[in-house]
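Residues per chain, in single letters:
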Amino acid sequence: MRTLNDIPVVEALRVLADLCCDDQIVVTNQGSSRIWPNLRRRSLDFHYNPSTMSGAIPLALGLALAQPQREVLVVSGDGSLLMSLGSLVTVVGSGVTNLTIVLLDNGLYEVTGGQETPAARSAVDYAGLARAAGFPSSVEFRDLAEWRAQAADVLTLSGPRFVRLVVSTAPPESLTGSTPTLAEQLASLRLSLSNELTVSHSAP
Amino acid sequence: MFTGPEIESVFAELGITHVVWIPDTSIGPWEASLAGSSRLRLIRVCREGEAWPLAAGLHLGGQTPLVLMQTTGLFESGDALRNVLFDLKLPIYSLIGVRNWLVPQSRDTAKTFAEPILGAWGLNCQWIADPADKPKLAEHYRRCRAAGIPGVALMAEGAP
């Protein structure tokens with residue numbers, strides 16, 4: 001059930017943006033891809049739009065498998081996750097430990113105007129679903145102060161990790177920021193990954 | 001068509017690092033060879049729509065994935081394919097088993113719509129329709145890689 005005390009989504013993401021380390025890959029999509037660039041810009045950020053709904057978690061999983069020396073953080077909406085709940089099983093089955101899924105749960109298809117998801121009026125236990133799929137670390141937060149206080153520790157729990165944040169809808173002005181074009185992002189991401197791979201391969 | 005050891009050898013010699021799949025009855029017998037390979041890794045997805053973005057992430061991360069599924073999965077995963085191959089413009093190669101292609105009397109729509117749909121997408125396709133065609137898989141893969149484009153090998157299958 002939604003309440004007026006749900007975590008403001010921009011502040012929820014600001015906590016993550018402030019905690020991101022330089023060599024971490026961050027994948028956002030849908031609403032989060034419009035908010036994140038206003039908070040922080042890094043060459044290892046990939047704002048996956050235009051995306052295919054439910055594609056962000058598998059794409060991040062591919063990056064995590066390809067770059068096991070690096071942490072990968074993916075921010076997904078609840079509508080996207082509902083389209084492919086099996087992706088939670090795929091993540092665990094793959095054996096990755098360097099992946100964190102952050103679910104922004106507002107019960108809505110936000111970018112299409114705020115229609116309810118099928119889960120909006122029920123109490124779907126997403127963190128419980130992740131635990132049942134085999135995630136060793138699965139937590140949820142409904143309070144911004146608690147999220148702020150515990151986020152750093154949560155991101156160091158055994159991976160793969162699943163974090164459900166019960167959030168409010170985004171203020172319209174937060175969804176209007178400019179995002180680099182897909183071509184620019186792909187070029188930047190590839191360059192950053194290849195440069196750093198070269199460095200890591202040549203290190204003694 | 002291919003045995004498990006044959007297909008593992010072809011994939012490995014092409015430099016494929018990850019095979020992202022959902023098996024069918026023709027592809028399924030390759031599991032032991034692909035899962036047991038020391039030269040590539042088999043990644044199992046729950047739904048074909050996961051396979052394309054997962055392969056995209058692998059590709060962006062510097063690996064060389066191949067997507068392997070049946071035509072039914074190709075149809076199911078159309079939007080994911082569209083996004084990865086056309087929005088992201090990633091040259092992901094796939095091997096698609098065409099169910100019932102080798103059964104002339106079959107009216108299986110999984111066979112009927114395979115070519116028209118791939119044709120509508122304008123994807124570069126290569127049929128592997130009988131054992132004599134097997135070398136064409138590697139040849140086509142190398143041509144697509146050299147051109148930096150996605151490609152699809154269509155492998156004729158019998159009845160499930």
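Calculation criteria
Residues numbered from 1 in each chain as written. Chains lettered and ligands numbered in written order. Predicted model: local features only at pLDDT ≥ 70, side-chain atom pairs only at ≥ 80, totals over all residues. Helix = DSSP H or I, 4+ residues; strand = E, 2+ residues; numbered from the N terminus. Rg over C-alpha atoms; globule rule 2.2 N^0.38 Å. Buried ≥ 20, exposed ≤ 12 C-beta atoms within 10 Å, placed from the backbone. Contact = placed C-beta atoms within 7 Å. Axes fitted to C-alpha atoms, helices over the stretch in contact; angles between N-to-C directions. Parallel < 35°, antiparallel > 145°, perpendicular 65-115°, else oblique. Left-handed = near helix turned anticlockwise from the far one by under 90°. Nonpolar A, V, L, I, M, F, W, Y, C, P; charged D, E, K, R; others polar. Core = buried A, V, L, I, M, F, W, Y, C linked by C-beta atoms within 7 Å. Pairing = 2+ DSSP bridges.

A. Highlighting the overall build of chain A. Counting its secondary structure elements, chain A contains eight helices and eight strands. Taken against the 2.2 N^0.38 rule, which gives 17 Å for 204 residues, the C-alpha radius of gyration of chain A at 16 Å falls within 12% of a compact globule. Considered along the principal axes of its C-alpha atoms, chain A spans approximately 55 × 35 × 30 Å. Counting every position in chain A, which comprises 204 residues, the buried fraction comes to 45%. Put simply, 74% of the contacts in chain A that link residues at least 6 apart link residues at least 24 apart.

B. The overall build of chain B, seen in detail. Of the regular secondary structure elements, chain B holds eight helices and six strands. Reading chain B from its N end, one meets helices and strands in the order α-β-α-β-α-β-α-α-β-α-α-β-α-β. Against the globule reference of 15 Å for 160 residues, chain B gives a C-alpha radius of gyration of 14 Å, in line with a compact fold. Expressed as lengths along the three principal axes of its C-alpha atoms, the size of chain B is roughly 45 × 35 × 30 Å. Scored against the burial criterion, the 160 residues of chain B give a buried share of 46%.

C. The arrangement of the packing of helix H1 (residues 9-19) of chain A against helix H2 (residues 30-39) of chain A in detail. Residues and elements named next belong to chain A. Where H1 meets H2, the closest approach of the two axes is 10 Å, and the angle between their N-to-C directions is 55°. The angle between the axes of H1 and H2 places the two elements in the oblique class. Judged by the sense of rotation from one axis to the other, the crossing of H1 with H2 is right-handed. Contacts from Val-9, Val-10, Leu-13, Arg-14 and Ala-17 in H1 reach Ser-32, Ile-35, Trp-36 and Leu-39 in H2. Residues belonging to the contact of H1 with H2 are distributed by class as follows: seven nonpolar, one polar and one charged.

D. Up close: the environment of Ala-32 of chain B. Residues and elements named next belong to chain B. As for its placement among the helices and strands, Ala-32 is situated in helix H2 (residues 31-35). Since 12 C-beta atoms lie within 10 Å of it, Ala-32 is described here as exposed. Counting along the chain gives 21 residues from Ala-32 to Pro-53, while the straight-line C-alpha distance between them is 25 Å.

E. The arrangement of the interface of chain A and chain B in detail. Taken residue by residue, the interface counts 28 residues in chain A and 23 residues in chain B. Mapped onto the side of chain A that touches chain B, the elements with two or more residues apiece are helix H3 (56-66), helix H5 (86-94) and helix H8 (182-202) of chain A. For the side of chain A that touches chain B, the element with the most residues is H3 of chain A, which contributes eight residues. Considered class by class, the residues forming the side of chain A that touches chain B number 14 nonpolar, 13 polar and one charged.

F. Just the nonpolar core, in detail. Ala-60 and Leu-165 of chain A together with Val-19 and Val-20 of chain B are the most contacted members of the largest nonpolar core, which has 97 residues in total. Among the elements that make up this core, the one with the highest residue count is H3 of chain A (nine residues). Ignoring sequence-local partners within four residues, the contact set of Ala-60 of chain A consists of Val-27, Val-72, Val-74 and Leu-99 of chain A together with Gly-57 of chain B.

G. Region of the structure containing the sheet that holds strand E3 (residues 65-70) of chain B. Residue and element names in this part refer to chain B. If you walk across this open sheet you meet the six strands as E2-E1-E3-E4-E6-E5, and the pairing is parallel. Of all the strands in the sheet, the pair left with one neighbour each is strand E2 (41-44) and strand E5 (124-128). Across the sheet, the mean angle from the axis of one strand to that of its neighbour is 20°, orientation sign disregarded. Against the sheet, helix H3 (residues 48-60) engages strand E1 (18-21), E2 and E3, with an angle of about 170° to E3.

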